[in-house]
Amino acid sequence: MIVVMDAKASARDISDVIARIRAMGFDVHLSEGKERTIIGVIGRGRPIDREQIGLMSGVQNVMPVSHPYKIASREYHPDDTLIPLNGVQVGGPDLAIVAGPCSVEDRTQIIEIAHAVREAGATALRGGAFKPRSSPYSFQGLGEEGLKYLADARAETGLPIVTEVMDPQAVPLVCQYADVLQIGARNMQNYTLLHAVGESQHPVLLKRGMSSTIEELLMSAEYILSHGNMRVMLCERGIRTFETATRNTFDINAIPVLKQASHLPVIADPSHGTGKWEYVESVSLAAIAAGADGLILEVHHDPENAQSDGRQSLKPEKFAALVEKARQLAPIVGRQFPVRETVR
Ligand code: PEP
Ligand code: MN
C-alpha cells in the first residue's frame, strides 16, 4: 500500500502518518518527489484500514500497489531515479556507456582497453574479476588480483569501475574496488547475495536472469531496495528463446516495459543480448531508441585471444564508431551525450 500525501502536507502531517503506520507494525519507506511525498507501507502487519489513514490530515490518497514489487514501482516513485556515475546522472537525459572486456586478464590488457574506451567516450569501465562461467573448466577470473588491476586502470583513466560480485561474503572486498557492483544473470535470484548488496549501500547493476520475467527482475530489485539501497540499475541482457541464430534474444520490449513499470534506470547489454559482435551496433542503437538509459558493452583489443566472450567483443575502433553513431542518434530520441573533459 502507498499513501500519497497532498503537495501542501506539512512535515507534521507526514510524521503523524508515519507514526500511525509504524504503530500498526509496518515499516515505512519514504519517497520525496518533486511534487509530493509518497509513503510506502512495507511488511506484514495487521490489516490496515485504508479509510482511517485516508482521513488523516495532509493525506491525498491511499492506494494498494497493484504489483508484488512496491519500492521499485513507478506508482510509489513517479520521478525517474537518477544515479550519478562519473558526471552522468544515469536515468536522466544523459546516456551512460559502460565498456570494457568481459574478463580482466592481466594488468596491461585492462589498462590498454580502459584507455581506448575512455578516449571513445565511455562513462565507466567494466571487467569481471570473479567470473560466473557455465563450465568449471573455463577461465574463472583473477579474483582480487583482477580487482587491483581494475583499480590501477581507474587511477590511470579516471573511469569508475563496474565489476561483478558472485558471493555474499565477497561483497565487502568487491566494494573496496568497485564503483558499481554487477549482479550477473545467473545470480539474479540469489537472494542472499541481493540482501548483501542491498546492505552494502553500493550502486548496483542488476542483470536480468536469462530465463526470468520482467516482473521477477523487478522483484529482485525490490530485495535490494528494501534495504534502503536505492541506487539500482536494471539491465536487459537477453533471454533464452528457441532461436539459435544468436546467443540470446535481446528483449527490446523489456526497455519500455521497465521504464513504464519502474523509476529505476535501464541499461542495455547488446553484447550478451546477441553474442555476436557484428549485431552489437544495431541492437545498441535500437536500445537507445527504445528508451534505454545507457549501454554496457564488451570491448577487447584482441578478441580472437580473449579469455571469455571474444566472439561478442567489439574491437576499440568498432566501439568508437558505435559511440559516434549513438552520439548522433541521441538528440533525435531526446537524449544527450555528456560533455566531459577529454584528459584527466
Ligand atoms: C558479463 O557481464 O560478462 C556476464 C557474465 O554477463 P551475464 O551475467 O549477463 O551473463
Ligand atoms: Mn561476458
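Novice: Can you walk me through the pairing of strand 14 (residues 294-298) in this structure?
Specialist: Looking along a regular strand, one sees side chains alternate from face to face of the sheet. Of all the five residues making up strand 14, five are buried; the element is thus mostly covered by neighbouring parts of the structure. By the alternation rule, side chains of strand 14 split into Gly294, Ile296 and Glu298 and Leu295 and Leu297, which are all buried. Of the pairings in the sheet, the one linking strand 7 (residues 96-100) to strand 14 comprises five bridges and is parallel in character. The residue bridging Ala99 from the neighbouring strand is Leu297, located in strand 14. Here two bridges tie strand 13 (residues 266-268) to strand 14, and the two strands are oriented parallel to one another. Pairing of Ile267 across the sheet is with Gly294, part of strand 14.

Novice: Would you mind showing me how to read the nonpolar core here?
Specialist: For soluble globular proteins, the rule of thumb is that nonpolar side chains tend to be buried together. Ranked by size, the top nonpolar core spans 77 residues in total, and within it Val117, Leu125, Val165, Val197, Leu206, Leu234 and Phe319 carry the most contacts. Looking at this core, you find at least three residues from each of domain 1 (2-63) and domain 2 (83-333). Here Val165 is in contact with Ala170, Val171, Val174, Leu181, Gln182, Ile183, Leu193 and Val197, once residues within four sequence places are set aside.

Novice: Is there a simple way to explain the layout of surface pockets in this structure?
Specialist: A probe as big as a water molecule, rolled over the atoms, marks out the empty space that is left. Empty space within the largest pocket amounts to approximately 360 Å³. Taken together, 15 residues form the lining of the largest pocket, with Ile42, Gly43, Arg44, Glu222 and Ser226 sitting closest to its centre. Looking at the lining of the largest pocket, the elements that each hand over two or more residues are strand 3 (37-42) and helix 7 (214-225). With three residues, the top contributor of residues to the lining of the largest pocket is helix 7. Across the lining of the largest pocket, the residue classes break down as seven nonpolar, four polar and four charged. Viewed by domain, the lining of the largest pocket spans two of them, domain 1 (2-63) and domain 2 (83-333), each represented by three or more residues. The computed volume of the second largest pocket comes to approximately 220 Å³. Classifying every residue of the lining of the second largest pocket gives three nonpolar, five polar and ten charged.

Novice: How should I be thinking about the packing of helix 10 (residues 277-289) against helix 11 (residues 316-329) in this particular structure?
Specialist: Two numbers describe a pair of packed helices, the interaxial angle and the distance between the axes. Two elements in contact, helix 10 and helix 11, have axes whose closest approach is 10 Å; the angle formed by their N-to-C orientations is 20°. With respect to their mutual orientation, helix 10 and helix 11 come out roughly parallel. Our pair here, helix 10 against helix 11, has a crossing hand that is right-handed. Every residue of helix 11 that contacts helix 10 at Trp277, Val280, Glu281, Ser284, Leu285, Ile288 and Ala289 is listed here: Lys318, Ala321, Leu322, Lys325, Ala326 and Leu329.

Novice: Honestly, the site of ligand 1 in this entry has me stumped. Any pointers?
Specialist: Taken together, Cys102, Arg126, Lys131, Pro132, Gln182, Gly184, Ala185, Arg186, Lys207, Arg237, His272 and Glu298 form the complete shell of residues around ligand 1. The contact in question runs from an oxygen atom of ligand 1 to an N or O atom on the side chain of Glu298, over 3.2 Å. Considered on its own, ligand 1 offers 300 Å² of accessible surface; in the complex 97% of this is hidden by protein. Judged by the proximity of its atoms to the pocket grid, ligand 1 belongs to the second largest pocket.

Novice: Would you take a moment to explain the coordination of the manganese ion (ligand 2) for this structure?
Specialist: In a perfect tetrahedron of four donors around a metal, the angles come out at 109.5 degrees. In a perfect octahedron of six, they are 90 or 180 degrees. Taken together, Cys102 (SG), His272 (NE2), Glu298 (OE) and Asp309 (OD) make up the protein donors of the manganese ion (ligand 2), found 2.0 to 2.4 Å from the metal. Mapped onto the sequence, the donors of the manganese ion (ligand 2) take the spacing C-x169-H-x25-E-x10-D. One end of the pair, His272, is in helix 9 (residues 270-274); the other, Glu298, is in strand 14, with 26 residues separating them in the sequence. The pair formed by His272 and Glu298 is uniform in burial state, with each residue classed as buried.

Quick notes on the rules
- Residues numbered from 1 in each chain as written.
- Chains lettered and ligands numbered in written order.
- Predicted model: local features only at pLDDT ≥ 70, side-chain atom pairs only at ≥ 80, totals over all residues.
- Heavy atoms only, no water.
- Buried < 20%, exposed > 50% of the residue type's maximum accessible area, 1.4 Å probe, protein only.
- Helix = DSSP H or I, 4+ residues; strand = E, 2+ residues; numbered from the N terminus.
- Pairing = 2+ DSSP bridges.
- Core = buried A, V, L, I, M, F, W, Y, C linked by side-chain atoms within 4.5 Å.
- Domains from an automatic or database assignment.
- Contact = heavy atoms within 4.5 Å.
- 1 Å grid on protein atoms, 1.4 Å probe; cavity = no way out; pocket = protein on both sides within 12 Å on 5 of 7 lines; lining within 4 Å.
- Points joined across faces, edges and corners; volume = space filled by probe spheres on them.
- Nonpolar A, V, L, I, M, F, W, Y, C, P; charged D, E, K, R; others polar.
- Axes fitted to C-alpha atoms, helices over the stretch in contact; angles between N-to-C directions.
- Parallel < 35°, antiparallel > 145°, perpendicular 65-115°, else oblique.
- Left-handed = near helix turned anticlockwise from the far one by under 90°.
- Near = heavy atom within 4 Å.
- Polar contact = N/O pair within 3.5 Å; in protein donor to acceptor, adjacent residues only side chain to side chain.
- Areas by Shrake-Rupley, 256 points an atom, 1.4 Å probe, with all protein chains shown as cover.
- Sits in = over half its atoms within 2 Å of the grid points.
- Donors = N, O, S within 2.8 Å, 3.2 Å for Na, K, Ca; no water.

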